[in-house]
Amino acid sequence: MKEQVTSRQMMFLLLLNRIATVITVMPIIHMGPANQDIWIMMILSVFYCFLYNLPTLYLSIKFSDLTIIQYMEKIFGKIIGKALGILYGLYFIRIAIIYYFAEIQMIRTIFMDELHPLIIIVVLMLVSVYVATRGLEVSVRTVEFFAPIVIASLILFIVLGFNNIDLTVLLPIIADSTFTSLNLGAMEASLIFTDANLLSMSFPNLTNKKDVFKIVAKSKIYSQAIIILMVVASQVSLGIEQARHLNFPFLKYVRLVKTYSIFERMEAVFLTIWLIIVMTRAVSYLYISSKAFMEVYNQNNMDPFIYIIGIILTLVIFYISYINPKFELLFNRDIQGYYYYITFNLIIPLIAILIYLIRRKDFRKLGKIKNKKI
Amino acid sequence: MIAGVYQRKREGGEMIRRSRRIRIIIITLYILIPSFILSACQATEGRREIEDLGIVTAIGVDYIDDNVVVTLEVVNPLSSIGNNQASSNKSQEQKFIYPKGVGKTVKEALTNINLYLDKQVFLSHSNILVIGEEFAKRGTIDLMDFFLRDNDPREDMYIVVAKGCKASDIIGIRAGLGKPTGNYLYDTFNNFSATGKCINISIAENYRYYYDVSNEPVVGVVQLKELTSSDEELKNDDSTVTVLDVSGGAILKNGKLVGYFDGDEMLGFNMIVGDLRSGTISFHTPVTDKDKQNLIIGKDGELTTLDIIRTSTKRKISIKDGKIHLTIDAKLKGALNEINQALNVIDSEVISRIEEACSKKVEELISKTLEKGQKEFKLDSFSIGVAVHQQYPKIWKEIATEWQNIFPEITYDVNVETTIVKIGLINYPANLRRK
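Residues numbered from 1 in each chain as written. Chains lettered and ligands numbered in written order. Predicted model: local features only at pLDDT ≥ 70, side-chain atom pairs only at ≥ 80, totals over all residues. Heavy atoms only, no water.

### Focus on the sheet that holds strand β12 (residues 279-283) of chain B
Residues and elements named next belong to chain B.
Then, in step 1: Strand order in this open sheet of four strands is β12-β13-β14-β15, and the pairing throughout is mixed. Two strands lie at the open edges of the sheet, namely β12 and β15 (411-422), each paired on one side alone. The sheet shows a mean angle of 40° between the axes of neighbouring strands, taken without regard to direction.
Then, in step 2: On the sheet, helix α10 (residues 263-272) packs against β12, β13 (304-320) and β14 (323-339) and is oriented at approximately 55° with respect to β13.
Then, in step 3: Where helix α12 (residues 384-391) meets the sheet, its contacts fall on β13 and β14, and the angle it forms with β13 comes to roughly 50°. (Pairing = 2+ DSSP bridges. Helix = DSSP H or I, 4+ residues; strand = E, 2+ residues; numbered from the N terminus. Axes fitted to C-alpha atoms, helices over the stretch in contact; angles between N-to-C directions. Contact = heavy atoms within 4.5 Å.)

Quick look at the structure:
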């Protein structure tokens with residue numbers, strides 16, 4: 001039986017994924033003008049996020065019963081389709097690696113600095129593999145339960161740090177940035193959010209596919225509002241430049257919370273919330289990469305793929321975090337990642353759309369598209 | 001058929017029982033496994049038992065003969081708390097020790113402490129970082145990296161400069177009701193909101209100002225002060241007692257100490273930066289011809305003291321003849337809490353005069369502090385550059401890099417408006433007979 005995901009569950013899954021992208025390292029504070037106008041840049045980036053997601057969204061609507069791996073095979077033919085499927089699978093694995101790496105770095109730096117990384121990686125991976133094998137439905141139900149708690153907690157953390165906040169840091173508005181720098185920054189910021197991949201891999205599981213625009217709009221707008229709050233809170237309490245010197249700016253903000261002598265040293269609480277957010281994202285990518293390979297190899301059982309990818313991830317993450325650390329992957333701009341994003345979310349889908357439009361009549365004739373009108 | 005139904009019911013019941021058993025096993029494992037894995041007692045790595053830790057309450061850093069000297073105040077958490085006495089330095093069980101470590105870097109010096117200290121140094125509970133004066137004059141930025149990079153020290157601990165002495169001279173002074181130096185100093189700095197004559201700046205705040213192109217931080221100051229003891233027990237041995245005085249502020253430029261503001265100047269400083277939450281101001285109110293009716297019955301004193309309840313400061317930048325002009329508009333609400341002068345405070349005219357006198361005094365304090373910043377230090381520690389940046393961003397782009405040279409030349413005027421909102425429990429002072 002096909003797993004079912006409600007619109008609300010999908011919205012929360014995408015929302016947490018977007019928050020997870022920023023909460024750990026906060027790469028957006030280095031983008032565009034990299035000054036007090038970042039919040040404006042982030043508002044602009046909502047538009048670019050929509051724009052970048054349009055090609056995959058269009059294809060998902062046209063092939064509503066198929067994942068991106070499956071419809072690529074339909075559009076490009078078996079050989080190219082399978083090759084693309086493998087590439088997409090590898091791309092998802094790369095994203096998963098970076099997120100697990102970020103998790104390990106933060107856990108090892110702040111919370112368990114003396115624990116051997118292998119233990120942390122193995123524990124994280126065992127949990128992730130277990131969650132992924134339970135299937136999408138169980139994961140999204142968990143997300144639906146935790147997301148409101150997570151969002152409320154994040155807002156609470158921001159509010160509790162009010163005595164460190166100096167909003168004049170945000171002045172002057174726009175004077176130090178140009179329209180071009182804000183837009184370039186917004187474009188770059190949009191490239192780090194890979195939630196479109198999750199949607200294109202889970203689209204067939206949506207119970208109400210008509211809600212897709214509502215899901216995308218809500219997840220982007222709500223998450224962006226929370227992200228802006230986190231960024232602004234970090235910048236106005238730490239200062240623009242100090243925030244840029246920090247590897248984990250929002251964590252630093254939480255460490256500075258000291259309100260009424262009651263709310264202080266809240267990192268442990270933050271750790272719980274942070275773990276839920278980042279694990280949601282990491283597990284999602286473990287799941288969709290396994291699903292991609294399962295579909296490429298036309299299998300029905302995803303578990304072996306989850307185990308294999310879990311082992312690969314464990315080895316690679318251990319290698320890049322302990323044997324040959326690659327800090328530039330996290331704390332520098334992931335330019336390579338942007339190329340991948342543009343290739344897999346813009347170029348390939350746009351070519352696919354072009355081929356689809358050329359061969360549209362063939363598809364109709366062959367009746368290969370189901371539910372073509374949504 | 002009935003047998004079949006019973007059979008199915010029995011199977012169903014068995015399944016429910018089995019799933020319940022599995023659930024109980026899972027819950028039991030869920031509780032037991034973390035208690036074994038996550039318990040610090042069982043771990044071989046990263047365990048931190050309280051008896052193994054040297055909990056640090058204050059850190060002092062000096063720079064002597066090209067070496068970093070770190071002095072710590074380490075609390076023995078297992079010592080009895082019951083026999084705390086204000087002046088007792090040693091009780092039956094030693095409560096505090098003051099280990100010192102020497103090294104080329106802060107981390108090395110800290111690690112060297114563990115060459116002879118049996119407890120693992122734990123910095124997370126330290127609220128105070130004292131920088132020796134010589135170290136502050138040398139410049140601290142390079143050697144402060146540890147406090148930002150390492151996970152143990154908290155970024156919200158106050159950073160203070162030991163005025164006229166080494167940090168190691170400060171660590172160990174416990175004049176605050178038997179508290180360790182760290183807690184004693186921390187609580188004293190938190191009186192900032194009551195006195196307004198000092199400043200409590202955390203490491204994170206210090207770096208926020210440090211990174212600003214137009215601003216240089218002012219951090220807290222601590223100095224040794226000898227007081228005559230009133231304690232009968234101590235009088236027999238030694239008539240003086242050493243306390244720590246936190247009035248004033250240390251001005252840093254690129255992490256280097258360039259000078260100090262005294263306590264009164266800090267009142268002015270806090271007023272300029274709009275951070276004066278409370279404090280006390282004493283001033284003379286000029287009143288002429290006040291004893292027309294022969295009402296003064298006691299000694300007519302000199303001063304009136306006002307408790308600051310609330311202040312607000314607005315800093316307006318204007319450009320006059322190509323020169324930057326600063327206008328400081330401050331508003332102050334206060335309560336009269338000591339009148340030595342024979343003043344009829346229920347006369348609105350007299351109240352206005354007191355308010356005017358207070359405003360004048362605050363204006364003097366602000367001007368004195370600003371003048372010191374401009375003429376003596378030639379350094380903007382008041383975030384005036386930030387105000388220029390916010391109000392004239394285009395002009396700021398041209399002058400940003402030259403700001404510290406421009407700042408000494410800016411002109412300013414100060415307007416203070418005082419409102420007395422409380423006069424206390426009595427109306428006429430005792431040296432004035434009520435009509």
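### Focus: the interface of chain B and chain A
Then, in step 1: Of the residues lining the interface, 22 residues belong to chain B; the matching set on chain A comes to 27 residues.
Then, in step 2: Across the contact surface, chain B and chain A share five salt bridges.
Then, in step 3: Across the salt bridge formed by A:Glu267 and B:Arg154, the nearest N and O atoms sit 2.6 Å from each other.
Then, in step 4: Put simply, chain B and chain A have 14 residue pairs in polar contact (both at pLDDT 80 or more) between them.
Then, in step 5: Of all the elements in the fold, those that place two or more residues in the side of chain B that touches chain A are α8 (203-210), α12 and α13 (393-399) of chain B.
Then, in step 6: For the side of chain B that touches chain A, the element with the most residues is α8(B), which contributes three residues.
Then, in step 7: Looking at side-chain class alone, the side of chain B that touches chain A contains seven nonpolar, eight polar and seven charged residues. (Salt bridge = Lys/Arg side-chain N within 4 Å of Asp/Glu carboxyl O. Polar contact = N/O pair within 3.5 Å; in protein donor to acceptor, adjacent residues only side chain to side chain. Nonpolar A, V, L, I, M, F, W, Y, C, P; charged D, E, K, R; others polar.)

### Observations concerning the packing of aromatic side chains
Residue and element names in this part refer to chain A.
Then, in step 1: Counted under the stated rule, the structure contains 34 aromatic pairs over all chains.
Then, in step 2: Centre to centre, the rings of Tyr-88 and Phe-92 are 6.1 Å apart; their planes meet at 50°, and the pair counts as tilted. In this pair, Tyr-88 and Phe-92 are both assigned in helix α4 (residues 78-111), four residues apart and thus about one turn of the helix distant.
Then, in step 3: The buried category is assigned to Phe-92, whose relative accessible area is 0%.
Then, in step 4: Aromatic pair Phe-162 and Tyr-260: ring centres 6.2 Å apart, planes at 45°, arrangement tilted. (Phe/Tyr/Trp six-rings, centres within 6.5 Å; stacked < 30°, edge-to-face > 60°. Buried < 20%, exposed > 50% of the residue type's maximum accessible area, 1.4 Å probe, protein only.)

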